[in-house]
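Now for the letters of each chain:
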Amino acid sequence: GAPLSLTLAEPVWKQLSGSNLTPKDITEVDRDYMPGLMCIRDMDADTKAFAAMDMAFSTPSAAGQEVLLSNRYRRVTAENRNEYVKLALNYRLHEFDQAVAAVREGISGVVPVPLFSLFTGYELETMVCGSPDIPIHLLKSVATYKGVEATSPLVSWFWAVMEEFSITERSLFLRFVWGRTRLPRSIADFRGRDFVLQILDKYQPPDDFLPESYTCFFLLKMPRYTSKQVLRDKLRYAIHFCKSIDTDEYARVNLPTGDGANSESSEYQDSVIESEQEHNIEFSTGGGSGVPPPPPPPPQGGGG
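What counts as what
Each chain carries its own residue numbering, running from 1 in the written order of its sequence. Thresholds applied to this predicted model are a pLDDT of at least 70 for local features of residues and 80 or more for the giving and counting of side-chain atom pairs; totals over whole chains, interfaces and linings are not thresholded and use all residues. No hydrogens and no water enter the side-chain calculation; it runs on all heavy atoms of the structure. In this scheme Phe, Tyr and Trp rings, the latter by its six-membered ring, pair at centre separations within 6.5 Å, and the angle between planes marks the pair as stacked below 30 degrees, edge-to-face above 60, and tilted otherwise. Where helices and strands are cited, they refer to DSSP runs of H or I of at least four residues and of E of at least two residues respectively, numbered from the N terminus. A 1.4 Å probe rolled over the protein chains alone gives each residue an accessible area, and that area as a share of the maximum for its type sets the label: buried under 20%, exposed over 50%, partly exposed in between. Axis definition: a line fitted to C-alpha atoms, over the contacting stretch in the case of helices. Angles run 0 to 180 degrees between N-to-C directions. Any angle between 65 and 115 degrees counts as roughly perpendicular, while under 35 counts as roughly parallel, over 145 as roughly antiparallel, and the rest as oblique. Crossing handedness: left-handed means the near helix sits turned counterclockwise from the far one by under a right angle, and right-handed means the same turn made clockwise. Here, residues are in contact when the closest pair of their heavy atoms is within 4.5 Å. Classes in brief: Ala, Val, Leu, Ile, Met, Phe, Trp, Tyr, Cys and Pro nonpolar; Asp, Glu, Lys and Arg charged; the others, Gly included, polar.

Novice: Would you explain the packing of aromatic side chains in this entry?
Specialist: For any pair of aromatic rings, the description consists of the separation of the ring centres together with the inter-plane angle of the planes. Under the definition given, this model contains 11 aromatic pairs. Note on F158 and F195: the rings are 6.1 Å apart at their centroids and 25 degrees apart in plane angle, and the pair reads as stacked. One end of the pair, F158, is in helix 9 (residues 153-164); the other, F195, is in strand 4 (residues 195-200), and 37 residues separate them in sequence. Overall, F158 belongs to the buried group, its relative accessible area being 0%.

Spelled out as structure tokens, the structure:
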């Protein structure tokens, strides 16, 4: 039931499911490749234009290396351009066939590979890696509460803040409380593991303290914050700056890439660091397991 943080391109999952790739799949990973090929195919048959272009009869691989497509031709000409387009497209469509076959062979020792054909590439990815969208209703359905009622304003603030978080921030939150970046696919895949939100009154004054997490127990401990804004600010600071439960950066480098991803987190961190430097506050990235570094001390003093 535990999702894996595998950052694989969509066409790879499609091949793992046993489906053949199409030119559209190439565009998913290399947006300019197909338009470039079509441009060559549709060019006027001007010998001088092709000579001036002086284009080698090769194509760049996904790794950026030039691959010779034929021993017969050295340059693309008006006469051989259709053959060039055909060979280049065929190479890119089957570039990873051998690698994917090796992965499928390895998986066959655990799961019957023929069953993969029952799913699309996206469905297969979701089963292996969990939902990339991190639906809050799914997390909420497995939540339990300690020290607070489920109907209390504090709990409502918490879930409202989670709904407002971007996908990247939701991934950071999961990394903070669970050491992973995606949720399982369904409630059944949690295998009885509940997300626990515990409110403690020992933190006084509460707004001076940050939340704590215990990733082994999927547990978040929070002070009894006095407002939604305070809760949002403290939680955002914690998820962006706590690295002690991800010292090898495994979860951080596997953040989703759909909405700004790592750059969004970096921009937030940079803005906080700049603010601290303006106020001559020493910035620290230390902290105990699941405990973020201390935030800038409030004007009235105190710490957390």
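The discussion continues.
Novice: I'm lost on the packing of helix 9 against helix 11 (residues 228-241) in this one. Help?
Specialist: Packed helix pairs are characterised by how far apart their axes lie and by the angle those axes make with each other. Between helix 9 and helix 11, the least distance of the axes is 9 Å, while the angle of their chain directions is 55 degrees. In terms of orientation, helix 9 lies oblique with respect to helix 11. In this structure, helix 9 crosses over helix 11, and the sense of that crossing is right-handed. Facing helix 9, whose interface residues are L154, W157, F158, A160, V161, M162 and E164, helix 11 presents K228, L231, R232 and L235. Broken down by class, the residue content of the contact of helix 9 with helix 11 amounts to 8 nonpolar, no polar and 3 charged.

Novice: Even after reading the chapter, I still don't get unusual backbone geometry, so can you show me in this structure?
Specialist: Most peptide bonds take the trans configuration, and most residues that are not glycine carry a negative phi. Between Q204 and P205 the backbone carries a cis peptide bond, its omega angle lying at -10 degrees. Along the chain, the position of P205 falls in the loop between strand 4 and strand 5 (212-214). If you check the backbone angles, D54 has positive phi at about 45 degrees while not being a glycine. For D54, the position within the fold is in the loop between helix 4 (47-53) and strand 1 (58-60).

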